[in-house]
Number of protein chains: 2
Amino acid sequence: MTIATCEINPPSRLLMGAGPANVHPRVLRAMGADVIGQMDPEMTAYMDETMALYREVFQTTNHWTFLINGSARSAIEAALVSLVTPGMVVVVLNIGRFGLLLREIVTRCGGIVHSVDVPWGQVVDPADVEKALRLHKPRLVAAVHGDTSTTTAQPLEAIGALCRQYEALFYVDATATLGGMPFKTDEWHIDVATAGLQKCLAGPPGSAPITLSDRAVAAIKERRHDEGGIASGAPQGEGPVIQSNYFDLMMLMNYWSPQRMNHHTEATSMLYAAREVARLVVEEGIDARIERHRRAGEAMIAGIKAMGMRVYGDETTRMYNVTGVHVPEGIEARRIQELMRRDFEIEIVSSFGPLTGKIWRIGAMGINAQKSKVLLTLAAFESVLSGEGIPINRGAGIDAARAAWNRAGHS
Amino acid sequence: MTIATCEINPPSRLLMGAGPANVHPRVLRAMGADVIGQMDPEMTAYMDETMALYREVFQTTNHWTFLINGSARSAIEAALVSLVTPGMVVVVLNIGRFGLLLREIVTRCGGIVHSVDVPWGQVVDPADVEKALRLHKPRLVAAVHGDTSTTTAQPLEAIGALCRQYEALFYVDATATLGGMPFKTDEWHIDVATAGLQKCLAGPPGSAPITLSDRAVAAIKERRHDEGGIASGAPQGEGPVIQSNYFDLMMLMNYWSPQRMNHHTEATSMLYAAREVARLVVEEGIDARIERHRRAGEAMIAGIKAMGMRVYGDETTRMYNVTGVHVPEGIEARRIQELMRRDFEIEIVSSFGPLTGKIWRIGAMGINAQKSKVLLTLAAFESVLSGEGIPINRGAGIDAARAAWNRAGHS
């Protein structure tokens, strides 16, 4: 066999889609450091620092705040497979593509799903969640904060309080919003939250932060079953064995504890990346970072509207960091995306399911939640749309976005 | 909260343990490239190239050769959870720590395990595997090629032929040997093989190559169940749903196919790393690379013996890339490891289970399977051992290793 390949050389592309977004150069450089042994004191110190840093990112005092070695989805599965026992009743907020994913994973874990359904693009009424809590008496409620497929964020605070009241654990995936929208793990009574690095956190996909409340940890401890090769003789749990070894959060906690019970080999380079990602969040300040995303979203929306396009979804429940734009009748969404990429090296995307080809999604997250990136994207977008014969108020979008950004700074 | 952390700055340490080993600088640099969109044509081209490159690494013509996004263990779980149906009979080679891990994972997947047991450090007799095949009629036989916990490699070729004869699928984890010992997926009738990057491949932990034969793919296709948010309307399988979403190899194949059915967001930076890892293997030539590891192992063993220490395990079944050394009576293994690290910035490790503190494991893999690294490690080792009062033939180990390396070059 002869395989001719070249040195890695991806195009320099501005990623204004639904994620991944461009990675902060400091994070890329952090991955350039060579690995060290997984039990070396410097490595375990980096692990401990990473735990402390993500407590700040998640706004929690939870001790058990660490990384799952995989994409954002891996942490969703780790959370659900460790919490859901066979036959457990789980209420899932069915609000978009990622609500469907939660349903799917809970079912594969042996849970019985009752959905609180809303049409894509709308938010759940907490009163409906309360009804479900009363009717189904779930042990767990599972939700996605911001579902990028619909550009909509769910009202978690009210639901978290209800979960506490009805003694259900509350699991939330915050992949698309952490670091870009307010997300208060403790204040909102969230028992388990998970995320990825590749959206508002400006890191690469492939490492997934997770945080667990004491209540969640207590439930998982019931299921402690150390694997044969490394069993320590510690008391084992009486609950059912977690059906995954890789995602067994009890074993992962033992690995991230001072005992350092061996499990997988920690993904060293991605740990370096995740740590640098969190350092950048802490340096900027979580509130300042969220405000920057809010401002970018506001400017983007002002620009889209001023150029004469329709913004998707409801003003009050829209995510800061990704904006949906209605695709005009008769326009092939994909063609516009291709022209944006080919002529401007800018990525925007469409969506899934009922929204496939119906909306574009334009993100401004992580290092791309910046004035210049928003303005240049709008400049490219109006040129491409106009070139395809869509009536556009030339220049108006860019000017409106500039004005909105500057105004937003004073609010 | 105030968290003071410094820029990433790990020590420059020579990792001569059981893995991870040091990462090739070209692989570290590859991770410095910014990410691109997961469906961008350059990204999917990189994915296709990665498939082709790993076919050569695995020495297979299997089309389905790709990456699992996680540590080496994640690919083990992906293979087993996708192959093992509830109640399926599986024969596992129970040969060390990682044999126990296979048993553990198969059991969590709902399989019924029958073990072929041998004491740690020994190899399985293929006749015993044949007995198990006759008696238990398994659908699957699961094995680890080289178990670093025992520094021993199993005779896969004979077992593969038996599996074909008795119509069982054959799964092998090659994490510790791929790229460092002969491993012939097709020739040895291996249906599914998995690995990690952090041993003989000189990459970082966190990405796990996998290859699947047509027979394995046919079995997995029976279990096709697309998740709700992305279902394509394609015919679904009639077999039981795979109990993991993240590790559902059918969905992963659809993601790595020209259809690019969305699943997780591919871990871009780790894909860049995995691709560069395989490019380096192909450039060097797989046979030359294996020969380099063999030579390093031979030199290490010659050195250990000449300095007056006892090498662990059987000459004929020993792994090339990691050498066990008996810890002398009355010596605390950990203290020697700490002195190696503190005074020489060299990592060596002990082992697990019955071998904890009984042997040291000294690896020479990836970029560390090099003359200079072997010699410098031996120089440090003899100094530390001697300093602790162990009688050592000073200088003899280094000289013997130099001679063995040079000799090995002519064999």
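*Asks:* Sorry, what's going on with the overall build of chain A here?
*Replies:* Counting its secondary structure elements, chain A contains 13 helices and 13 strands. Dimensions of chain A, computed from C-alpha atoms along their principal axes, come out at roughly 70 × 55 × 55 Å. Expressed as a percentage of its 411 residues, the buried residues of chain A come to 61%. Contacts spanning at least 24 positions in sequence make up 71% of the contacts within chain A whose residues lie at least 6 apart.

*Asks:* So what exactly am I meant to see when it comes to the sheet that holds strand 2 (residues 64-68) of chain A here?
*Replies:* Hydrogen bonds along the backbone pair up the strands of a sheet, which may run parallel or antiparallel. Residues and elements named next belong to chain A. Taken together, the 7 strands give an open sheet; going across it, the order is 2-10-9-8-5-3-4, and neighbouring strands pair in mixed fashion. Strands with a single pairing partner mark the edges of an open sheet, and in this sheet they are strand 2 and strand 4 (112-117). Along the sheet, successive strands turn relative to each other by an average axial angle of 20°, direction set aside. Relative to strand 4, strand 3 (residues 89-94) runs parallel, the two being bridged by 6 bridges. When the bridges of strand 4 are listed, Val92 appears paired with Ser115. Sitting on the sheet, helix 3 (residues 72-83) is in contact with strand 2, strand 5 (140-144), strand 8 (169-173), strand 9 (192-194) and strand 10 (208-212), with an inclination near 30° to strand 10. Of the strands in this sheet, strand 3, strand 4, strand 5 and strand 8 touch helix 4 (residues 97-108), which is tilted by about 165° from strand 3.

*Asks:* How should the interface of chain A and chain B be read in this particular structure?
*Replies:* For an interface, size is often stated in terms of accessible area lost upon the parts coming together. At the junction of the two partners, chain A supplies 73 residues and chain B supplies 73 residues. Those elements giving two or more residues to the side of chain A that touches chain B turn out to be helix 1 (25-30), helix 2 (41-58), helix 3, helix 4 and helix 9 (268-284) of chain A. Examining the composition of the side of chain A that touches chain B, we find that 9 residues originate from one element, helix 9 of chain A, more than from any other. In the side of chain A that touches chain B, the residues fall into 31 nonpolar, 23 polar and 19 charged.

*Asks:* Could you clarify how one ought to interpret helix 12 (residues 371-387) of chain A in this entry?
*Replies:* Because each turn of an α-helix spans 3.6 residues, side chains separated by three or four positions end up pointing in the same direction. Residues and elements named next belong to chain A. Given a rise of 1.5 Å per residue, 17 residues ought to cover 24 Å, and the 24 Å separating the end C-alpha atoms of helix 12 matches this to within 8%. Looking at helix 12, one finds that the buried residues are Lys373, Val374, Thr377, Leu378, Ala380, Phe381, Glu382, Val384 and Leu385. Among the structural elements, strand 1 (14-15), helix 10 (286-307), helix 11 (333-344), strand 12 (346-347), strand 13 (359-363) and helix 13 (396-408) are those in contact with the buried residues of helix 12. Positive backbone phi, approximately 90°, marks Gly389, located one or two places after helix 12.

*Asks:* Explain the relation of the copies chain A and chain B to me, please; I cannot follow it from the model alone.
*Replies:* What connects the two chain copies is a rotation about an axis and a shift along it. With an RMSD of 0.0 Å, the operation that places chain A on chain B is a rotation of 180° combined with a shift of 0.0 Å along the axis. The transformation just described matches what one would write down for a two-fold rotation axis. When C-alpha positions in chain A are compared against the rotation axis, the closest is assigned to Gly70(A), at 2.4 Å. Mapped onto chain B, 100% of the interface residues of chain A again fall at the interface, so both copies present the same surface.

*Asks:* For this particular structure, what's the right way to read unusual backbone geometry?
*Replies:* Glycine aside, a negative phi is what most residues show, and trans is what most peptide bonds show. Residues and elements named next belong to chain A. The omega torsion across Gly19 and Pro20 is 0°, close enough to zero to call that bond cis. By secondary structure assignment, the location of Pro20 is in the loop between strand 1 and helix 1. For Lys137, which is not glycine, the phi torsion reads 45° and is therefore positive. Take Lys137: it is sitting in the loop between helix 5 (126-136) and strand 5. For Lys137, a count of 13 C-beta atoms within 10 Å gives the class partly exposed. A positive phi is found at Arg260, a non-glycine position, where the angle reads about 50°. Structurally, the position occupied by Arg260 is in the loop between helix 8 (249-255) and helix 9.

*Asks:* I tried to follow the packing of helix 5 of chain A against helix 6 (residues 156-165) of chain A on my own but got confused; where do I start?
*Replies:* Helix-helix packing is described using two parameters, namely the angle between the two axes and the distance between the axes. Residues and elements named next belong to chain A. Direction vectors running N to C along helix 5 and helix 6 enclose 20°, while the axes themselves pass 9 Å from each other. Our classification of the angle between helix 5 and helix 6 gives roughly parallel. Judged by the sense of rotation from one axis to the other, the crossing of helix 5 with helix 6 is right-handed. Along the contact surface, helix 5 presents Pro126, Val129, Glu130 and Leu133, while helix 6 presents Ala158, Ile159 and Leu162. For the contact of helix 5 with helix 6, a count of residues per class yields 6 nonpolar, no polar and 1 charged.

*Asks:* Before we go on, may I ask you to explain the sheet that holds strand 5 (residues 140-144) of chain B in this structure?
*Replies:* Residues and elements named next belong to chain B. Taken together, 7 strands build an open sheet; the order of strands is 2-10-9-8-5-3-4 and the sheet is mixed. Every interior strand has two partners, whereas the edge strands, strand 2 (64-68) and strand 4 (112-117), have only one. Direction aside, the axes of adjacent strands within the sheet are offset by 20° on average. When strand 8 (residues 169-173) meets strand 9 (residues 192-194), the two strands line up parallel, connected through 3 bridges.

*Asks:* Looking at this structure, I do not really get the confidence of the model for chain A. What am I missing?
*Replies:* Per-chain confidence: chain A averages 96 in pLDDT, with 98% of residues scoring 70 or above. Interface scoring of the predicted complex returns ipTM 0.97; its pTM is 0.97.

*Asks:* Sorry, what's going on with the domain arrangement of chain A here?
*Replies:* All names here are of chain A. We note that the domain assignment places domain 1 (24-282) and domain 2 (286-408) within chain A. For domain 1 and domain 2, the distance between their C-alpha centroids amounts to 30 Å. Taken together, the contact between domain 1 and domain 2 spans 26 residues of the former and 24 residues of the latter. When residues of the side of domain 1 that touches domain 2 are traced back to their parent elements, those giving at least two are helix 2 and strand 7 (152-153).

*Asks:* Honestly, the pairing of strand 13 (residues 359-363) of chain B in this entry has me stumped. Any pointers?
*Replies:* Where a strand is regular, its side chains alternate between the two sheet faces. All names here are of chain B. Most of strand 13 sits inside the fold, with 5 of its 5 residues counted as buried. Alternating residues of strand 13 divide into Ile359, Arg361 and Gly363 and Trp360 and Ile362, and every residue in both groups is buried. As judged from the 5 bridges shared by strand 11 (residues 322-326) and strand 13, these two strands associate in the antiparallel manner. Note on strand 13: the bridge partner recorded for Val325 is Trp360.

*Asks:* What is the right way to read the nonpolar core from this model?
*Replies:* Counting residues in hydrophobic clusters, the biggest one holds 293 residues, and the most contacted among them are Leu80(A), Leu83(A), Leu80(B) and Leu83(B). In this view, Leu80(A) contacts Ile105(A), Val106(A), Cys109(A), Ala142(A) and Tyr171(A); residues no more than four positions away in its chain are not counted.

*Asks:* Hey, could you run me through helix 10 of chain A in this one?
*Replies:* Helix length check: helix 10 of chain A (22 residues) gives 32 Å between terminal C-alpha atoms against 32 Å at 1.5 Å per residue, within 8%. Gly308(A) sits one or two residues past helix 10 of chain A and shows a positive phi near 105°.

*Asks:* In this structure, what is going on with the environment of Leu212(A)? I would like to understand it.
*Replies:* All names here are of chain A. Here Leu212 shows up in strand 10. Judged by the 29 C-beta atoms lying within 10 Å of it, Leu212 is buried. Once the C-alpha coordinates of Leu212 and Gly19 are considered, the two residues, 193 residues apart in sequence, prove to be 25 Å apart. Apart from residues no more than four positions distant in its own chain, Leu212 is found in contact with Asn62, Trp64, Val192, Val217 and Leu249.

*Asks:* Mind showing me how you'd approach the environment of Ala274(A) here?
*Replies:* All names here are of chain A. Inspection of the secondary structure assignment puts Ala274 in helix 9. Exposure remark for Ala274: the 30 C-beta atoms within 10 Å place this residue in the buried category. Ignoring any residue separated from it by four or fewer positions in sequence, one finds Ala274 in contact with Thr50, Leu67, Leu197, Gly203, Ser207 and Pro209.

*Asks:* Just to check I follow, could you spell out the packing of helix 10 of chain A against helix 13 of chain A for this structure?
*Replies:* Residue and element names in this part refer to chain A. For the pair helix 10 and helix 13, interaxial distance at closest approach is 7 Å and the crossing angle is 150°. Between helix 10 and helix 13, the crossing angle belongs to the class labelled roughly antiparallel. Both helix 10 and helix 13 take part in a crossing whose hand is right-handed. Contacts between helix 10 and helix 13 pair Arg295, Glu298, Ala299, Met300, Ala302, Gly303, Ile304, Ala306 and Met307 from the former with Ala396, Gly397, Ile398, Ala400, Ala401, Ala404, Trp405 and Ala408 from the latter. The residue inventory of the contact of helix 10 with helix 13, partitioned by class, reads 13 nonpolar, 2 polar and 2 charged.

Scoring rules and cut-offs
Residues numbered from 1 in each chain as written. Chains lettered and ligands numbered in written order. Predicted model: local features only at pLDDT ≥ 70, side-chain atom pairs only at ≥ 80, totals over all residues. Helix = DSSP H or I, 4+ residues; strand = E, 2+ residues; numbered from the N terminus. Buried ≥ 20, exposed ≤ 12 C-beta atoms within 10 Å, placed from the backbone. Contact = placed C-beta atoms within 7 Å. Pairing = 2+ DSSP bridges. Axes fitted to C-alpha atoms, helices over the stretch in contact; angles between N-to-C directions. Nonpolar A, V, L, I, M, F, W, Y, C, P; charged D, E, K, R; others polar. Expected span 1.5 Å × (residues − 1). Least-squares fit on C-alpha atoms with pLDDT ≥ 70 in both. Parallel < 35°, antiparallel > 145°, perpendicular 65-115°, else oblique. Left-handed = near helix turned anticlockwise from the far one by under 90°. pLDDT = per-residue confidence, 0-100. Domains from an automatic or database assignment. Core = buried A, V, L, I, M, F, W, Y, C linked by C-beta atoms within 7 Å.

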